[in-house]
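Commentary on secondary and tertiary structure
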2 protein chains.
Amino acid sequence: MDYSLLWLNRKPAGTLPPWAGRLAGEVRTPQGRAALRELEQALAPHRDTGPALRLREEAGEGEGYRCVREGENLILTGTGRGLLYGTFSLLRRLTLGDEAFPDAERPAYPIRMLDHWDNADGSIERGYAGNSFFFREGKPVCGPRTRDYARLLASVGLNGCCLNNVNVRGESLHLLTGKYNRELREIGETLGEYGVSLWLSVSFAAPLEQGGLPTADPRDPAVRRWWQETCGRLFAAVPDLAGFLVKADSEGRAGPHTYGRSQAEGANLLADAVKPHGGSILWRCFVYNCTQDWRDGKTDRARAQYDTFAPLDGQFAENVYLQVKNGPVDFQIREPVSPLLVRLEKTKCMAEFQLAQEYTGQQRHVCCLAPVLKEVLDFRGPAGKVKDRISAVCAVSNTGGDFNWTGHDLAAANLYAFGRLAWDPDLRAEEAVREWTRLTFGDDPRVTGTVTDILLRSREVYERYTVPLGIGWMCVPGTHYGPSPEGYEYDRWGTYHKATCREIGVERGPAGTGYTAQYGPELGRMYGEIGTCPEELLLFFHRLPYAYRMKDGRTLLQRIYDDHFSGCADAEAMAEAWNTLEGLVPEDAFLRVRERFAEQVRSAREWRDVINSWLYRLTLIPDERGRTIYL
Amino acid sequence: MDYSLLWLNRKPAGTLPPWAGRLAGEVRTPQGRAALRELEQALAPHRDTGPALRLREEAGEGEGYRCVREGENLILTGTGRGLLYGTFSLLRRLTLGDEAFPDAERPAYPIRMLDHWDNADGSIERGYAGNSFFFREGKPVCGPRTRDYARLLASVGLNGCCLNNVNVRGESLHLLTGKYNRELREIGETLGEYGVSLWLSVSFAAPLEQGGLPTADPRDPAVRRWWQETCGRLFAAVPDLAGFLVKADSEGRAGPHTYGRSQAEGANLLADAVKPHGGSILWRCFVYNCTQDWRDGKTDRARAQYDTFAPLDGQFAENVYLQVKNGPVDFQIREPVSPLLVRLEKTKCMAEFQLAQEYTGQQRHVCCLAPVLKEVLDFRGPAGKVKDRISAVCAVSNTGGDFNWTGHDLAAANLYAFGRLAWDPDLRAEEAVREWTRLTFGDDPRVTGTVTDILLRSREVYERYTVPLGIGWMCVPGTHYGPSPEGYEYDRWGTYHKATCREIGVERGPAGTGYTAQYGPELGRMYGEIGTCPEELLLFFHRLPYAYRMKDGRTLLQRIYDDHFSGCADAEAMAEAWNTLEGLVPEDAFLRVRERFAEQVRSAREWRDVINSWLYRLTLIPDERGRTIYL
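First things first, this report covers the structure right here in the doc. For clarity, every value in this text was computed on a predicted model and none was experimentally measured.

Definitions and limits used
- Residues numbered from 1 in each chain as written.
- Chains lettered and ligands numbered in written order.
- Predicted model: local features only at pLDDT ≥ 70, side-chain atom pairs only at ≥ 80, totals over all residues.
- Helix = DSSP H or I, 4+ residues; strand = E, 2+ residues; numbered from the N terminus.
- Rg over C-alpha atoms; globule rule 2.2 N^0.38 Å.
- Contact = placed C-beta atoms within 7 Å.
- Pairing = 2+ DSSP bridges.
- Axes fitted to C-alpha atoms, helices over the stretch in contact; angles between N-to-C directions.
- Buried ≥ 20, exposed ≤ 12 C-beta atoms within 10 Å, placed from the backbone.
- Nonpolar A, V, L, I, M, F, W, Y, C, P; charged D, E, K, R; others polar.
- Right-handed = clockwise from strand over helix to strand, strands pointing away.
- Least-squares fit on C-alpha atoms with pLDDT ≥ 70 in both.
- Parallel < 35°, antiparallel > 145°, perpendicular 65-115°, else oblique.
- Left-handed = near helix turned anticlockwise from the far one by under 90°.
- Core = buried A, V, L, I, M, F, W, Y, C linked by C-beta atoms within 7 Å.

**Brief notes about the overall build of chain A**
What chain A contains, in helices and strands, is 18 helices and 19 strands. Taking 631 residues into account, the globule formula puts the C-alpha radius of gyration at 25 Å, and chain A, at 25 Å, falls close to it. Considering only contacts within chain A whose residues lie at least 6 apart along the sequence, 71% involve residues at least 24 apart.

**Some words on the sheet that holds strand β2 (residues 53-57) of chain A**
All names here are of chain A. Strand order in the open sheet made by the five strands is β1-β2-β4-β3-β5, with mixed pairing throughout. Each having just a single partner strand, β1 (23-26) and β5 (104-105) make up the two edges of the open sheet. Contacts from helix α1 (residues 30-43) reach β1 and β2, with the element oriented near 170 degrees to β2.

**Things to note about unusual backbone geometry**
Residues and elements named next belong to chain A. Of note, Glu251 is a non-glycine position whose phi angle comes to about 50 degrees, a positive value. Its location among the elements puts Glu251 in the loop between β11 (241-246) and α7 (263-274). Phi angles above zero are rare outside glycine, and Lys498 is one such case at about 50 degrees. Taking the number of C-beta atoms within 10 Å as the measure of exposure, Lys498 has 17 and is therefore partly exposed.

**Considering the interface of chain A and chain B**
Counting residues at the interface gives 18 residues for chain A, matched by 18 residues for chain B. Each residue belonging to the side of chain A that touches chain B can be placed in one class, and the counts come to nine nonpolar, three polar and six charged.

**Regarding the sheet that holds strand β17 (residues 392-396) of chain B**
Strand-to-strand pairing in sheets goes through backbone hydrogen bonds, with the strands running parallel or antiparallel. Residues and elements named next belong to chain B. One closed barrel holds the eight strands; their spatial order is β6-β9-β10-β11-β12-β13-β14-β17, and the pairing between them is parallel. For this sheet, the mean angle separating the axes of adjacent strands, direction not counted, is 25 degrees. Looking at chain direction, strand β12 (residues 280-284) and strand β13 (residues 320-325) are connected through four bridges and run parallel. Following the sheet pairing, Ile281 is matched in β13 by Val320.

**Comments concerning the pairing of strand β11 (residues 241-246) of chain B**
All names here are of chain B. Taking burial as the measure, the six residues of β11 include six buried ones, the bulk of the element. Two elements, strand β10 (residues 197-202) and β11, share five bridges in a ladder whose sense is parallel. Counterpart to Ser201 in the pairing with β11 is Leu245. Bridging between β11 and β12 involves four bridges; their strand directions are parallel. Considered in β12, the bridge of Leu245 is made with Leu282. Considered for its hand, the β-α-β crossover made up of β11, helix α7 (residues 263-274) and β12 is right-handed.

**Let's talk about the relation of the copies chain A and chain B**
Under the fitted operation, chain A is carried onto chain B by 0.1 Å of movement along the axis and a turn of 180 degrees, and the coordinates agree to an RMSD of 0.0 Å. Interpreted geometrically, this transformation is the action of a two-fold axis. Among all residues of chain A, the one whose C-alpha sits closest to the rotation axis is Leu618 of chain A, at a distance of 2.9 Å. Comparing contact sets, 100% of the residues at the interface of chain A also lie at the interface in chain B, consistent with an isologous, same-surface contact.

**So, the packing of helix α10 (residues 370-377) of chain B against helix α13 (residues 429-441) of chain B**
All names here are of chain B. With their axes 9 Å apart at the nearest point, α10 and α13 run at an angle of 150 degrees to one another. The pairing of α10 with α13 is recorded here as roughly antiparallel in orientation. Viewed along their axes, α10 and α13 form a crossing whose handedness is right-handed. Where α10 abuts α13, its residues Ala370, Pro371 and Lys374 lie against Ala429, Ala432 and Val433. Split into classes, the residues belonging to the contact of α10 with α13 amount to five nonpolar, no polar and one charged.

**As for the nonpolar core**
Counting 385 residues, the largest nonpolar core has Leu153, Met350 and Ala417 of chain A together with Leu153, Met350 and Ala417 of chain B as the members making the most contacts within it. The residues touching Leu153 of chain B, leaving out its near neighbours within four places in the chain, are Leu114, Leu158, Cys161, Tyr194, Val196 and Gly419 of chain B.

**A short note on the packing of helix α6 (residues 221-237) of chain A against α7 of chain A**
Residues and elements named next belong to chain A. Remark: α6 packs on α7, axes separated minimally by 8 Å, with the N-to-C direction vectors making an angle of 40 degrees. Taken together, the axis directions place α6 and α7 in an arrangement best described as oblique. With respect to the hand of their crossing, α6 and α7 are arranged in right-handed fashion. On α7, the residues touching Arg224, Trp227, Gln228 and Cys231 of α6 are Leu269, Leu270, Ala273 and Val274. Its residues assigned to classes, the contact of α6 with α7 shows six nonpolar, one polar and one charged.

In structure tokens form, the structure reads like this:
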């Protein structure tokens, strides 16, 4: 096999409960059959009588399951999908030696999915783990890996997967128009067996690009008709299709704004077309001016999404989900939570995370994102926590055709934790990470301790040696790997720090761009005042002199110097800690990760030295501790 | 025809001298026949008797010609090639209405050529005028355009052309090994008719890449044999081949250093192989460390070429020409002349210029390079002027498949002037530019005045609004278009300014990297002392505080601000000047150039604002004249 099964490699072992010796009950749906198959493979039942694990399949669409003891039997009840999740949950607990089985569980959100930025030519936009396993040479492909991918997703509770890049180009445009229906149907069935729905990214301009119409205006009757007819044919041919993901009016792509219509009109056009087929629309809110003139000191990109979408609250059809990135800008290592996620009242929101580590080390650096997910889900806005207000979750996938799926073996923890937290946002990040570590590397406490420690520290270590204090965007333009402190400073993307020899940062409080008001009065005041603004986001919200005193008495500049020195030292220490696991983890994984760590350490030193040198050149204020900063 | 004939569009007109009515004499060589054909087409002779232009073809390899009156006849004497150059010279003078014909002329250098960076796939590295007309879809192609290109080259006195990119990759590797001999022979013959020799770029690693040998070590007998046999076959199949151009040990390419051998050993290996066939080797000196650590404050890229090649003076075979870029770094808008061009005593040097405007506006900006060529050719080193010491000249071509060949119509002046100056380095830049303007646009003095004025000011205008004072390298990494003041600052290319809030530049005098010593005592002292260093190169040679006083009393910083404001204003004025020519020049050319000027003005403003803002943010010292600088 040219790929690993990751956390599914490990099976229940040792003494199993008596009920594990026999499987009973009947299943009728593909998902129920998949559950049964997983149990057979993992438990290898050997008795025809006696205590049993009994599956009771119910009809319906639900995803929850119940699990009760009846004497020496264990009864697992649910729909086919419910049985599947119950099965994976049981197997996980058995593998981990966890004796407590839940009475009942059901997922927090009806949509828990991965967005693939895979292109038809087999490349992956912002992909760091090899080429696509969904597309090869212009065509969708389905094979054993598709099925095992679905198993991996189902095993952590995920139930959806958008196949293709939101930037729909080239041959991907034909996914909508029937050319690849056979392949899509096959992929849909294969994923569907494991409860994973198929989603497609579509181009808002499809009526023009594919339909031969002169416009894509949502008010044009011919456009409405084209979408309705196209969806009619597509959903009939691909029964497992759940709906569309749309990047409209975003980074050069067409959208309703092209025709002077609102985002709601655009989204509802598609929502109407998929509704007869039970479909939904995932409408991205990543709408901002990406041809900003850096000389324009008034526009603040952080404001753009809320300014565009908040006035439309209540205007979206009920089968529209607004897909909102976790922060207001773009997946930086630290951003405040997007105000859209806490302020919309009458709109379904889907939180979007990015497991693909575009700005967080590109799967060459360890950067465990479970703490980021938790931080966002647990964030309390004026009307409650994000996790209680959103209706769905998704993440840009970090997977590709590499043997280990995620480029960096430790990046698989992000995939795992995302699934677990999407199912149960109350799970603690540490639990998810520890589960993944034990399922992946077994129960040696030296391994578990070291790996979970590396993972749980990694985000904050990465933040310190790259861009601490919420400043963001000091990466190399285009590739987004490695430091370039002024790389975006005179560009068109609206991401500036405008550092001078005395100050750095954009003022986003009431005296500045007013962005903080988007959070409502209370949070707005907290972020807007320097004294109450959380320090880790200080430079996201405020423009400050380098001499500003942090709470611990250090100057802002010294804090940044210190963060780079300590972050880099910690990256070195993590690499050394990994080296202590030689012989305790499989050799191939050990060597792969060791190689990644070598690059991480090299890169961390580069970040440390570039950012520190750049600040030193700007200010000529030396490090108080006399460490080396290069002129 | 899908391309213009440029300056050859215009023919002699009005009353011609009596001898122009009849052509006489005999020609035997292809070049003699080409001369006769050019004369017939241009003069359309109509008499069978009476005064004549008589061609007298001599045997031999010379390129000079003599032109004498015998009564009412004009006698043009020379080899076939000599007749060709005499013919184009006569026709040019007739077209321009110039009554003085030279008695005799011959070119200053035996090799006057263009280097094409064309790839086999049809792309052109650093090409700004469309795709290659030498290659299409992996194969060399020959057609009418090939012949007209040869005519254009011959008409300005050029006699060589290297077909393919010095970075030899992909299908281009097969040019050496016989796969495309038929096509090369055809191209060679077509060019050869107009006296243009064919050169090929080859890979030093060819014995490995193509020959299946385990090494390309110049001391390995099998490697020597492989080159000898390969050259034997190739030169037999392609008789017009003149030799090879080689980029070795340069920017990641293999070379003799790969095997611990000297550049001389590498060059001589190839020189020996081509010698039996009368071939020569053009060996590039662009050897430097392109994986420099920016933290390494000791290495100075400007030193690298002289440090590598000067100790080898006298060791190169007599059919080796060292191809030396005009400056020590890489074709920036202003560099000092490379010390290799003035210090080598026993080695043939070929000066290399870059008409492809990689760093000088990419043929979207007007930047006439004739003044640069003259500056270099006229530069006086310890043992005489560059033009008297070099043995050959070449330039990276600025041509491609565009209708106007050079992207920007006015960039054709660079092609023209390079040819004229390569033939006669004593020609004044103004003369070459004025000739081109009149041949291209005719004799309206408003046009001639405006266009020559634009062209002759353009280099210095571009310099002011981009990177004045010799600092260089503030362009966007990779593309090299547009400003990025710190884009190369933490990169691996050895091109740093290390600007702080107080100082800028690299000290290359005796107190710094010692680069100035490469010029010998007298010039070294001149450049090494701040007071005698030419101001236009001040920041190339010295690290100075922004408060440094220039000769006119302004601070260094104010001078840079001023240069950006005035350079940009001058770019705007040039665009306006061009607009006054509407109706006076052909409409298609007018519109094409107007469009280019719109981009030049946009880009000049961007340069002005980015560089000024960057310096203002660094220093917080305002412009003394209160003009707008953006924070």
